[in-house]
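A structural walkthrough
Here is how the chains run, residue by residue.
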Amino acid sequence: LLPNVQPDTLDRVDADPEITHVLYDAADRRGRAAKAVYLPSVLAERGPAPVPTAEPPRVAVRMTTSGTTARPSYVEKTLAQLVGEVDVLARVFAPATAVVATVPPSHIYGLLFGVLLPLRLGARIVAHAALLPADVAAVLRREAADLLVSTPAHLRAMASAPAAIRGPRDLRVTSSGAQLPSELHRRLAATLGWQVTDILGSTETGGVATRTDPAHGWRPLPGVAS
């Protein structure tokens, strides 16, 4: 799962002998990487994939770190690790009916909270291409979403948008990818009435702690020693 599909990232994929195929669904990237497999065409030509009968591979996904502090590196997650973490998250987070994520599933946070946890909770995953605050707000209202999975950068843009295009009130929100500034946390609660849970973690560790009030400390997730 790549952090992005920028040309330099795809060049790095082509040069990596350990990578044999890359699945993608953006039409404008067709044929860009020598190892690219355009997924919609494959599904249209072959139909639904057969149900696997063999044991699943030990490694379920290989993700890359963000590269914020060093060159991006690979982090492998087994299916047991992913299922175990989702089971813990399902004990901590209340059920939702419709989930909107502004974080791609190529990020461990986006994968866990935008895909696997909604599946575990039986929630509807809203597919969208919204990026600007007005577009995200429109999706939230149209789909009657009750959980937004986002980041501090996106949430600051939402909080700074004119009142007429902000999202619905009383929305449950999760934030990760960077620590949510205390002033922004309070602003989201006071201005929009949003119930925000800040999540501490990394690609290597997954989620380790949560915080629902910037005035209080972090609370380790079940099974995490502080």
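Residues numbered from 1 in each chain as written. Predicted model: local features only at pLDDT ≥ 70, side-chain atom pairs only at ≥ 80, totals over all residues. Heavy atoms only, no water.

1. Considerations on the nonpolar core
Counting residues in each nonpolar core, the largest one holds 23 residues, and the members touching the most others are Leu89, Leu112, Phe113, Leu117 and Val149. When residues of this core are traced back to their parent elements, those giving at least two are β3 (59-64), α3 (79-92), β5 (98-101), α4 (108-121) and β7 (147-150). Per element, the largest residue contribution to this core is 6 residues, and it comes from α4. Not counting residues within four places of it along the chain, the set of residues in contact with Val149 comprises Val99, Val100, Ala101, Thr102, Val103, Tyr109, Phe113 and Thr174. (Core = buried A, V, L, I, M, F, W, Y, C linked by side-chain atoms within 4.5 Å. Buried < 20%, exposed > 50% of the residue type's maximum accessible area, 1.4 Å probe, protein only. Helix = DSSP H or I, 4+ residues; strand = E, 2+ residues; numbered from the N terminus. Contact = heavy atoms within 4.5 Å.)

2. Describing the sheet that holds β5
As summarised here, the arrangement of the 7 strands in space is β6-β5-β7-β8-β9-β10-β11, forming an open sheet in which the pairing is mixed. Each having just a single partner strand, β6 (124-125) and β11 (219-220) make up the two edges of the open sheet. By the bridge criterion, 5 bridges tie strand β9 (residues 195-202) to strand β10 (residues 206-211) in an arrangement that is antiparallel. Paired with Asp198 across the strands is Arg211, a residue of β10. (Pairing = 2+ DSSP bridges.)

3. A look at the confidence of the model for the protein chain
Summing up the model confidence of the protein chain, the mean pLDDT is 85 and the portion of residues at 70 or higher is 85%. Across the protein chain, strand β8 (residues 172-175) holds the top mean pLDDT of 98, while helix α2 (residues 39-46) sits lowest at 67. (pLDDT = per-residue confidence, 0-100.)

4. What to know about the pairing of β9
Here 4 bridges tie β8 to β9, and the two strands are oriented parallel to one another. Among the inter-strand pairings, Ser175 is bridged to a residue of β9, identified as Asp198. With antiparallel pairing between neighbouring strands as the criterion, β9 and β10 make up a hairpin whose turn holds 3 residues.

5. Comments concerning the side chain of His185
Tracing the backbone shows His185 in helix α7 (residues 182-192). Within the structure, His185 has its side chain in polar contact with the backbone oxygen of Thr212 (distance 3.3 Å). (Polar contact = N/O pair within 3.5 Å; in protein donor to acceptor, adjacent residues only side chain to side chain.)

6. Comments concerning helix α5 (residues 133-142)
Inspection of α5 places Pro133, Val136, Ala137, Val139 and Leu140 among the buried residues, and these make up the whole buried set. Down the axis of α5, the buried side of the element spans an arc of 160°, and every buried residue falls inside it. Residue Ala144 follows α5 closely and has a positive phi angle near 50°. (Arc of directions from axis to C-beta.)

7. Some details on the packing of helix α6 (residues 152-160) against α7
α7 packs onto α6 with a crossing angle of 45° between their chain directions and a minimal axis gap of 10 Å. In terms of axis orientation, α6 runs oblique to α7. The two elements α6 and α7 cross, and the hand of that crossing is left-handed. Note on element contacts: α7 touches α6 through Glu183, Leu184, Arg187 and Leu188, opposite Pro152, Leu155, Arg156, Ala159 and Ser160. In terms of residue class, the contact of α6 with α7 is made up of 5 nonpolar, 1 polar and 3 charged. (Axes fitted to C-alpha atoms, helices over the stretch in contact; angles between N-to-C directions. Parallel < 35°, antiparallel > 145°, perpendicular 65-115°, else oblique. Left-handed = near helix turned anticlockwise from the far one by under 90°. Nonpolar A, V, L, I, M, F, W, Y, C, P; charged D, E, K, R; others polar.)

8. Some points on the pattern of salt bridges
Per the counting criterion, the structure on display carries 6 salt bridges. A salt bridge links Glu76 to Arg62; its shortest N-O distance comes to 3.2 Å. Here Arg62 lies in strand β3 and Glu76 lies in strand β4 (residues 74-78), a separation of 14 residues in the sequence. Among the residues examined, Glu76 registers a relative accessible area of 38% and is labelled partly exposed. Glu143 is the partner of Arg142 in a salt bridge, and the nearest nitrogen-oxygen pair spans 3.3 Å. Overall, the relative accessible area of 55% leaves Arg142 in the exposed class. (Salt bridge = Lys/Arg side-chain N within 4 Å of Asp/Glu carboxyl O.)

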